[in-house]
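Tertiary structure, described
The lines below spell out each chain.
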Amino acid sequence: MNFIRGIAGWLLFATLVSILQASATEIPLAERRSGATFMSADTQAMQNEDTANPGMLWVLDGEALWKAKAGTADRACADCHGDVQTSMRGVAARYPAFDDTLARPIDLEQRVNLCRTRHQQAQPFANESRELLALTALVGRQSRGMPIESGEDARLEPFVSIGREIFMRRQGQLNLACANCHDDNWDKHLAGSAITQAHPTGYPLYRLEWQGLGSLQRRLRNCMVGMRAQPYDSDAPETVELKLYLMSRARGMAVETPAVRP
Amino acid sequence: MAPALINVPPKAKRGEVIEIKTLMSHIMETGYRHTSTGEVIPRDIITHFTCRYNGVEVFQAELFPAFAANPFITFFTTATDSGTFDFQWTGDKGFSETASASITVE
């Protein structure tokens, strides 16, 4: 009896410790803040006004691409999906999403390229190409203001936990985990810049430093080079799993695509 | 490629001071950068911007290599008559783009 009580007590203790370890660093729901709230009023105004937001140049490009026929199938996105404003509403807020054929999550960039190879019989766009950024910005724009729902699909659960494990794991020559900055020190500054909570609410976004639009994987590469780790390739499973964890971590926050960041 | 985003208020009262906002898509390559093999990347910038209001020039600007990509130019003018604003950007490598927007003045 004492033995059983001992075991039960130990289990309770172990559970408490693991809960504490898991929740000690994570940001409480009520304290989550979009990266936009760390920006100056000028940059926020630039993001919020369509005629001042340079990301809208890519959205307009995307509208032209949406209607342009491509590939040997000679079909445009619009030929299957119709009006982008109705068919793509809320779609980006659910990505990365589970693909039945591949039996794993894919991000919006991969979905566009799969559509090209599967349905248009066209060459996939290169990562970070103007066309791919334009189409993902266009699709993302249709979810602006809607709450992020990524990771709600139960089949994604194991992939979210892999992404979380990558986020928590120390790596690179500086031996830092994403969590060391973005969970533990988001209220502080790094070399004059706000650290922020790393909620990917507005990708693809226009970064003033880049003087152009860029994807979340480009931002992740920046971060990983900064901590002197080997960045993952854009299409690597780890990239998608990390994106999936970040998006599910930001669940309920509003989509800002195309956002502007300093 | 979508060249420009223009924001002119569609309506204004006569004599009202209005803000005009323009955003032109351009790489604004400074001419000071080098490729990985050491070759200079030639300068490619917008050098001049003008705005005409019913044919009369109301604003002009010279642009230089320090301008960021996709230059965003805003300025104020007084609404005098209904009509159109014609914008023109010219630059290196024969770059020339135009855009226009109309306004109703009551």
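Each value, and the rule that gives it
- Residues numbered from 1 in each chain as written.
- Chains lettered and ligands numbered in written order.
- Predicted model: local features only at pLDDT ≥ 70, side-chain atom pairs only at ≥ 80, totals over all residues.
- Helix = DSSP H or I, 4+ residues; strand = E, 2+ residues; numbered from the N terminus.
- Rg over C-alpha atoms; globule rule 2.2 N^0.38 Å.
- Buried ≥ 20, exposed ≤ 12 C-beta atoms within 10 Å, placed from the backbone.
- Contact = placed C-beta atoms within 7 Å.
- Pairing = 2+ DSSP bridges.
- Domains from an automatic or database assignment.
- Nonpolar A, V, L, I, M, F, W, Y, C, P; charged D, E, K, R; others polar.
- Expected span 1.5 Å × (residues − 1).
- Arc of directions from axis to C-beta.
- Axes fitted to C-alpha atoms, helices over the stretch in contact; angles between N-to-C directions.

1. Section: the overall build of chain A
Scanning chain A from N- to C-terminus turns up 11 helices and seven strands. The C-alpha atoms of chain A give a radius of gyration of 20 Å, which matches the 18 Å a tight globule of 262 residues would have. Seen along its three principal axes, the alpha-carbon backbone of chain A occupies a region of about 75 × 45 × 35 Å. In chain A, buried positions account for 35% of the 262 residues. Summarising the internal contacts of chain A: among those between residues at least 6 apart in sequence, 74% fall at separations of at least 24.

2. Thoughts on the overall build of chain B
When helices and strands are counted, chain B shows zero helices and eight strands. Computed over C-alpha atoms, the radius of gyration of chain B comes to 16 Å, more than 25% over the 13 Å expected from 2.2 N^0.38 for 106 residues, which places it beyond the range of a compact globule. Overall, the C-alpha framework of chain B stretches about 60 × 20 × 20 Å when taken along its three principal axes. Looking at chain B as a whole, 18% of its 106 residues are labelled buried. Looking at chain B alone, contacts between residues at least 24 apart form 56% of all its contacts between residues at least 6 apart.

3. Quick look at the sheet that holds strand E5 (residues 205-207) of chain A
Strand pairing in a sheet relies on backbone hydrogen bonds, with the paired strands running either antiparallel or parallel. All names here are of chain A. With mixed pairing, three strands are arranged side by side in an open sheet as E6-E5-E7. Every other strand in the sheet has two partners, leaving strand E6 (212-214) and strand E7 (260-261) as the edge strands with one partner each. In terms of strand pairing, E5 meets E7 through two bridges, oriented parallel. Its bridge partner lying in E7, Arg207 is registered against Arg261.

4. Concerning the domain arrangement of chain A
All names here are of chain A. By domain assignment, chain A separates into domain 1 (33-50 + 151-261) and domain 2 (55-141). Between domain 1 and domain 2, the contact holds 23 residues from the first and 22 residues from the second. Contributions of two or more residues to the side of domain 1 that touches domain 2 are made by E5, E6 and helix H11 (237-249). No other element matches the five residues that H11 contributes to the side of domain 1 that touches domain 2. Taken together, the residues of the side of domain 1 that touches domain 2 sort by class into 13 nonpolar, four polar and six charged.

5. Observations concerning the interface of chain A and chain B
Listed as interface residues are nine residues of chain A and, on the opposing side, 12 residues of chain B. Of the residues assigned to the side of chain A that touches chain B, the class counts are five nonpolar, three polar and one charged.

6. A short note on helix H7 (residues 130-141) of chain A
Residue and element names in this part refer to chain A. For H7, which comprises 12 residues, the first-to-last C-alpha distance of 16 Å matches the rise-based estimate of 16 Å (1.5 Å per residue) to within 8%. Counting buried positions along H7 yields 10 of 12 residues, so the element is predominantly enclosed. Listed as buried for H7 are Leu132, Leu133, Ala134, Leu135, Thr136, Ala137, Leu138, Val139, Gly140 and Arg141. Taken together, the buried residues of H7 touch helix H3 (55-67), helix H5 (84-87), helix H6 (108-118) and E6.

7. Focus on unusual backbone geometry
Residues and elements named next belong to chain A. The residue after Tyr95, namely Pro96, is reached through a cis peptide bond having omega -5 degrees. Within the fold, Pro96 resides in the loop between H5 and strand E1 (97-99). Here Tyr203 and Pro204 are connected by a cis peptide whose omega angle stands at -5 degrees. By the secondary structure assignment, Pro204 is in the loop between strand E4 (193-194) and E5. The phi torsion at Gln121 lies on the positive side, around 50 degrees, for a residue other than glycine. If you trace the backbone, Gln121 turns up in the loop between H6 and H7.

8. Considerations on helix H8 (residues 157-168) of chain A
All names here are of chain A. Look at H8: 17 Å from first C-alpha to last across 12 residues, which is about the 16 Å you get at 1.5 Å a residue. Turning to H8, its buried residues are Phe159, Val160, Gly163 and Arg164. Projected onto a plane normal to the axis of H8, the buried residues spread over an arc of 145 degrees and lie on a single side.

9. Some words on the sheet that holds strand E1 (residues 4-7) of chain B
All names here are of chain B. Spatially, three strands are ordered E1-E3-E6 in an open sheet, and the strand pairing comes out antiparallel. At either end of the open sheet lies a strand with only one pairing partner, and these are E1 and strand E6 (72-78). Sheet twist, expressed as the mean angle between neighbouring strand axes with direction ignored, is 15 degrees. Examined bridge by bridge, strand E3 (residues 17-24) and E6 share seven bridges and lie antiparallel to one another. Along E6, the bridge assignment pairs Thr22 with Ile73.

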